[in-house]
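Each chain, letter by letter, is given below.
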Amino acid sequence: MIKKIFGNKSDKAQVSNNMASKQVRYEALVRALHGDLFRYGYWLCHDKHIAEDLVQETFLRAWRALDSLKDEKAAKSWLITILRRENARRFERKRFDMSEYDEMSVVDTQAMGNEQDLENEMLRDKIAQLPEEYREPLVLQVLGGYSGEEIAQQLHLNKNTVMTRLFRARNQLKESLDDEPMFRGQFN
Amino acid sequence: MNEKMDDLQFRRSIYANPRTQDSDVLEAKKSDPAKKQFAQSIEKLDQQIHRAMDIDVPDDLYNKLMLRQTLASHQQQKSKNRIQLAMAASIAFAVGLSFNFMQSSNAHTNLSDYAFAHVEHEAHLFNNNSDAQITLASLNDKMSSFNGNFTESLGNLISASNCDFGGITVLHLVYKGKDQPVTVFVVPPNSNLNFESDFSNGKLHGEAQQFKNASIIVVGDKNEPLNQWKSNISKDINWSI
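Residues numbered from 1 in each chain as written. Chains lettered and ligands numbered in written order. Predicted model: local features only at pLDDT ≥ 70, side-chain atom pairs only at ≥ 80, totals over all residues. Heavy atoms only, no water.

Visitor: Describe the confidence of the model for chain A, with residues and values.
Guide: All names here are of chain A. Scored by pLDDT, chain A has a mean of 80; 77% of the residues are at 70 or more. Within chain A, helix α7 (residues 132-142) carries the highest mean pLDDT (93), whereas helix α5 (residues 100-108) carries the lowest (46). Contacts of residues 5-10 to residues separated by more than four positions or lying in other chains number three contacts, the stretch itself having pLDDT below 50. (pLDDT = per-residue confidence, 0-100. Helix = DSSP H or I, 4+ residues; strand = E, 2+ residues; numbered from the N terminus. Contact = heavy atoms within 4.5 Å.)

Laid out in structure tokens, this is it:
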């Protein structure tokens, strides 16, 4: 204790130095990864506002624990882990509201202009309607660029399960798009 | 399966990862036009999935995140500062207390202890055959801080300097003695040290007298007639105030 107090006193300059470098690291982390995190959060909860809250909570926790992040390369996985935990916490606080994404999809499809946007929006609906266990590996693969092994690690599944879920996710998307007149025949 | 990937296996691999670099899958794609076409259609689907998932990030999210962190760390810093201030205050308080304590409880509590310690510490510096001789005038110059002076020299003065009795400045005089040098200390009044008029440690003995403006201590070896010194001091010293 005494050592700690005196250590603090004599290392004042170093402490503020560390603070500054922590700030720099944090800023770099936010700049590089907040977009990915937001998108990932969005695809977990299908709500931009909730996704923003999730990202805010995630980065706040990341700031507090930044010293424990030794490997910058692992930063993204680390943040995703925090965000998933935050999302799970959200469900603990408030029991799952099934109507959540239905509402959102109604709102968002309205003001669409060109065909590309329409197509994107249609596909977003389909992605949102995927069972979560299929959607999450897909989001990690597509947005995170993770391999099957990495996804398996992140989600605590084995790799074969992950590959099967990825297969089912795309398969379901394809099938549901094949039912849509706009997409019909595109993927045959 | 090494030779030729069956169709189901191929489709599963493509669905699971359209961008797979698996050599079996690549090989199958190359050798079978139907498989190639299937792969391309799923690649197209995958591009669409990428586009669809790549939703816009709110423009102000970065700024919001930075602001939130700044506020949070400011909050943290404030409470940390408060704790540090409190700690600094208690340390200062403790240091103040112990300083006072140390001031009043020095290594020695008796004048006699200091006197012996100084004599023994400096014994090697002086000897009875020293040629040094300090004049009465320069001695009286030093005595002026005590508002006193000697009318006549007590003997052959070898050294006159100030020394420290646990924070108290004392005039330290060394005279030639009978066998060994004799040390006389002039100690200012108001010291917290205990006064003993007669003390001894087997090798040295000392006697002290209290005067108006100072206490005077004489320390010498066993053969030294300290009474003689004491009476000379009483006779020769003058206090101006």
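That covers the picture; the talk isn't over yet.
Visitor: Tell me about the nonpolar core, residues and numbers included.
Guide: Within the largest apolar cluster, 66 residues are counted, with the highest numbers of intra-cluster contacts made by A:Leu138, B:Ile49 and B:Met53. Counting residues per element, this core draws most heavily on helix α2 (residues 12-45) of chain A, at 11 residues. Apart from the residues lying within four places of it in its own chain, the contact partners of B:Ile49 are A:Leu123, A:Ile127, A:Leu138, A:Val142, A:Arg170 and A:Leu173. (Core = buried A, V, L, I, M, F, W, Y, C linked by side-chain atoms within 4.5 Å. Buried < 20%, exposed > 50% of the residue type's maximum accessible area, 1.4 Å probe, protein only.)

Visitor: Can you tell me about the packing of helix α1 (residues 7-16) of chain B against helix α2 (residues 23-31) of chain B, naming the residues and giving the values?
Guide: Residue and element names in this part refer to chain B. Across the interface, α1 lies against α2 with an axial gap of 10 Å and an inter-helix angle of 115°. The angle between α1 and α2 falls in the class roughly perpendicular. Every pair of crossing elements has a handedness; the one defined by α1 and α2 is left-handed. Along its contact with α1, which presents Phe10, Ser13 and Ile14, the element α2 presents Val25, Ala28 and Lys29. In the contact of α1 with α2, the residues fall into four nonpolar, one polar and one charged. (Axes fitted to C-alpha atoms, helices over the stretch in contact; angles between N-to-C directions. Parallel < 35°, antiparallel > 145°, perpendicular 65-115°, else oblique. Left-handed = near helix turned anticlockwise from the far one by under 90°. Nonpolar A, V, L, I, M, F, W, Y, C, P; charged D, E, K, R; others polar.)

Visitor: Provide a residue-level description of the packing of α1(B) against helix α3 (residues 33-53) of chain B, including the pertinent values.
Guide: Residues and elements named next belong to chain B. The contact between α1 and α3 brings their axes to 10 Å, and the two run at 20°. When the interaxial angle is binned, α1 and α3 end up roughly parallel. The handedness of the crossing between α1 and α3 is right-handed. Each of Asp7, Phe10, Arg11, Ile14 and Tyr15 in α1 lies in contact with α3, whose residues at this interface are Lys35, Phe38, Ala39 and Ile42. Split by residue class, the contact of α1 with α3 holds six nonpolar, no polar and three charged.

Visitor: Describe the interface of chain A and chain B, and please don't skip the residues or the numbers.
Guide: Contacts between the two partners involve 46 residues from chain A and, on the opposite side, 37 residues from chain B. Between chain A and chain B, the buried area comes to about 4,100 Å², and carbon and sulfur atoms account for 64% of it. There are five salt bridges connecting chain A and chain B. Of the charged contacts, one joins B:Asp54 and A:Arg39 as a salt bridge, the two residues approaching to 2.8 Å between their closest N and O atoms. Connecting chain A to chain B are 16 residue pairs in polar contact (both at pLDDT 80 or more). Contributions of two or more residues to the side of chain A that touches chain B are made by α1 (2-10), α2, α3 (48-64), α6 (115-129), α7 and α9 (159-178) of chain A. Residue composition of the side of chain A that touches chain B, by class: 24 nonpolar, 11 polar and 11 charged. (Buried area = accessible area lost by both parts, 1.4 Å probe. Salt bridge = Lys/Arg side-chain N within 4 Å of Asp/Glu carboxyl O. Polar contact = N/O pair within 3.5 Å; in protein donor to acceptor, adjacent residues only side chain to side chain.)

Visitor: Let's hear about the sheet that holds strand β7 (residues 215-221) of chain B: which residues, and what values?
Guide: Residues and elements named next belong to chain B. With respect to topology, six strands assemble into an open sheet ordered β2-β3-β4-β7-β6-β5, the strand pairing being antiparallel. Each end of this open sheet is capped by a strand with a single partner; those strands are β2 (157-165) and β5 (198-200). Put simply, the sheet's adjacent strands are angled 20° from each other on average, direction ignored. Here five bridges tie strand β4 (residues 182-187) to β7, and the two strands are oriented antiparallel to one another. (Pairing = 2+ DSSP bridges.)

Visitor: Describe the side chain of A:Glu119, naming the residues involved and giving the relevant values.
Guide: With respect to the helices and strands, the residue A:Glu119 is situated in helix α6. Given the relative accessible area of 11%, A:Glu119 is considered buried. Reaching out from A:Glu119, the side chain makes a polar contact with the side chain of B:Gln48 at a distance of 2.3 Å.

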